[in-house]
Amino acid sequence: QTLTYTVTDACGNATSVSRLVVVTDNEAPEIEFVPADTLISCSSAMPSDVPVFNEVCSTASIELEESVVPGSCLGSETVVQTWTATDACGNASTASRTVTVVDTVAPVLLTELQDVVLEYVPGQPEGAAALPVPTLELVDDCDSDPAWTYSDELVETDLVTEAWNREFAATDDC
């Protein structure tokens, strides 16, 4: 910006002098607040808090970049969020936080299981092999296809009856 100074005496004689004033912004936006690193469940939304930047000379534009590193299992990952604030002169500041996403909830069995009483029919398998295997419906916050297994334990027997306990276990990818 050019500033011109003019001096005039009582007789109307005037003289002027000009000078060029250049204001240069060499300061990057100041970081006032950075969200803390955090741990969330895979069923939770990403945190919405953002850093606060202060720019005195102009308006800063803020851009978010996220890099995702897959975890050791489905539903877990590490997300590095990096915000860059750039002012009108190209000065920039960055702030980052790490969001660790984990699977903290076990699968849930939706199928209602009932006790089963079987009559022996000649030729059918004996023992636990005679027990029917149900179709189980499971849901999980992070794994769309949780697995299940079962184990059988003979808990009571006499000459004509056997009582078995079948225990089911559901697992997700984590």
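The following paragraphs examine the structure supplied in this document. Just so it is clear, the structure is predicted and the values come from calculations on it, not from any experiment.

What the four strands build is an open sheet, ordered 4-8-7-6; its pairing is mixed. The open sheet terminates on both sides in strands that have one partner only, identified here as strand 4 (38–41) and strand 6 (61–70). Here the average twist between neighbouring strands, direction ignored, is 25 degrees.

Our next topic: the state of the cysteines. The final tally for this structure, using the stated rule, is two disulfides. Here Cys42 is linked by a disulfide to Cys142, with a sulfur-sulfur distance of 1.2 Å. Separated by 100 residues along the polypeptide, Cys42 in the loop between strand 4 and strand 5 (52–54) and Cys142 in the loop between strand 10 (138–139) and strand 11 (147–157) bring together distant segments of the chain. On the accessibility criterion, Cys42 (21% relative accessible area) is partly exposed. Residue Cys142 is classed as buried on the basis of its relative accessible area of 14%. One disulfide in the model links Cys73 with Cys174; its S-S distance is 1.8 Å. Measuring handedness by torsion sign, the sulfur bridge of Cys73 and Cys174 sits at about 85 degrees and is right-handed. Placement of Cys73 in the loop between strand 6 and strand 7 (77–86) and of Cys174 in the segment after strand 12 (162–171) is noted, with a sequence separation of 101 residues between them.

Further remarks concern the side chain of Asp143. Structurally, the position occupied by Asp143 is in the loop between strand 10 and strand 11. No salt bridge is formed by the buried Asp143. Its closest oppositely charged neighbour is Arg166, at 22 Å. Of the polar contacts made by the side chain of Asp143, one reaches the backbone nitrogen of Asp145; its length is 2.9 Å.

What follows covers a nonpolar patch on the surface. Together, Val108, Leu110 and Val139 make up a nonpolar patch on the protein surface, roughly 230 Å² of accessible area in all. The topology assignment puts Leu110 in the loop between strand 9 (108–109) and strand 10.

A few words on the packing of aromatic side chains. Tallying each qualifying case throughout the model produces three aromatic pairs. Note on Tyr150 and Phe168: the rings are 6.0 Å apart at their centroids and 50 degrees apart in plane angle, and the pair reads as tilted. On the criterion of sequence distance, the pair formed by Tyr150 in strand 11 and Phe168 in strand 12 is long-range, its members being 18 residues apart. Cluster of aromatic residues (ring-pair linked, three or more members): Trp148, Tyr150 and Phe168.

Here we come to the environment of Thr161. Structurally, Thr161 is set in the loop between strand 11 and strand 12. The exposure class assigned to Thr161 is partly exposed, which follows from its relative accessible area of 41%.

As for its position among the elements, Leu109 is in strand 9. Along the primary structure Leu109 and Val68 are separated by 41 residues, whereas in three dimensions their C-alpha atoms are 31 Å apart. Filtering out sequence-adjacent residues up to four positions away, Leu109 remains in contact with Leu136, Glu137 and Leu138.

The rules we used
- Note on numbering: residues in each chain are counted from 1, in written sequence order.
- Local features in a predicted model are, by the rule used here, given only for residues with pLDDT of at least 70; side-chain atom pairs are given and counted only at 80 or more, and totals for whole chains, interfaces and linings are based on all residues.
- Side-chain measures were taken over the full set of non-hydrogen atoms in the model, leaving aside hydrogen atoms and water.
- When DSSP finds two or more bridges between a pair of strands, those strands are recorded as paired.
- A helix here means a DSSP run of H or I that spans at least four residues, while a strand means a run of E at least two residues long, and both kinds are numbered starting from the N terminus.
- Where helices are involved, their axes are fitted lines through C-alpha atoms of the stretch in contact, as for all axes, and angles between N-to-C directions lie from 0 to 180°.
- The disulfide criterion is simple: two cysteine sulfur atoms within 2.5 Å.
- Burial status follows relative accessibility: with a 1.4 Å probe on protein chains alone, a residue under 20% of its type maximum counts as buried, one over 50% as exposed, and anything between as partly exposed.
- In this tally, Asp and Glu contribute negative charge and Lys and Arg positive charge; neither His nor the terminal groups of the chain are included.
- We count a salt bridge whenever a side-chain nitrogen from Lys or Arg sits within 4 Å of a carboxyl oxygen from Asp or Glu.
- The term polar contact refers here to a pair of N or O atoms within 3.5 Å; inside protein, the definition further demands a hydrogen-donor-capable atom paired with an acceptor-capable atom, and it admits residues adjacent in sequence only when both atoms are side-chain atoms.
- Like charges are joined within 9 Å and nonpolar side chains (Val, Leu, Ile, Met, Phe, Trp, Tyr) within 5 Å, but only among residues with over 30% relative accessible area and no salt bridge; these make up the patches.
- The protein chains shown are the only cover counted for residues, whose accessible areas, like all others here, come from Shrake-Rupley with a 1.4 Å probe.
- The aromatic pairing rule takes the rings of Phe, Tyr and Trp, using the six-membered ring of Trp, and pairs them if the centres are within 6.5 Å, calling planes under 30 degrees apart stacked, those over 60 edge-to-face and the rest tilted.
- The contact criterion used is simple: two residues touch if any of their non-hydrogen atoms lie within 4.5 Å.

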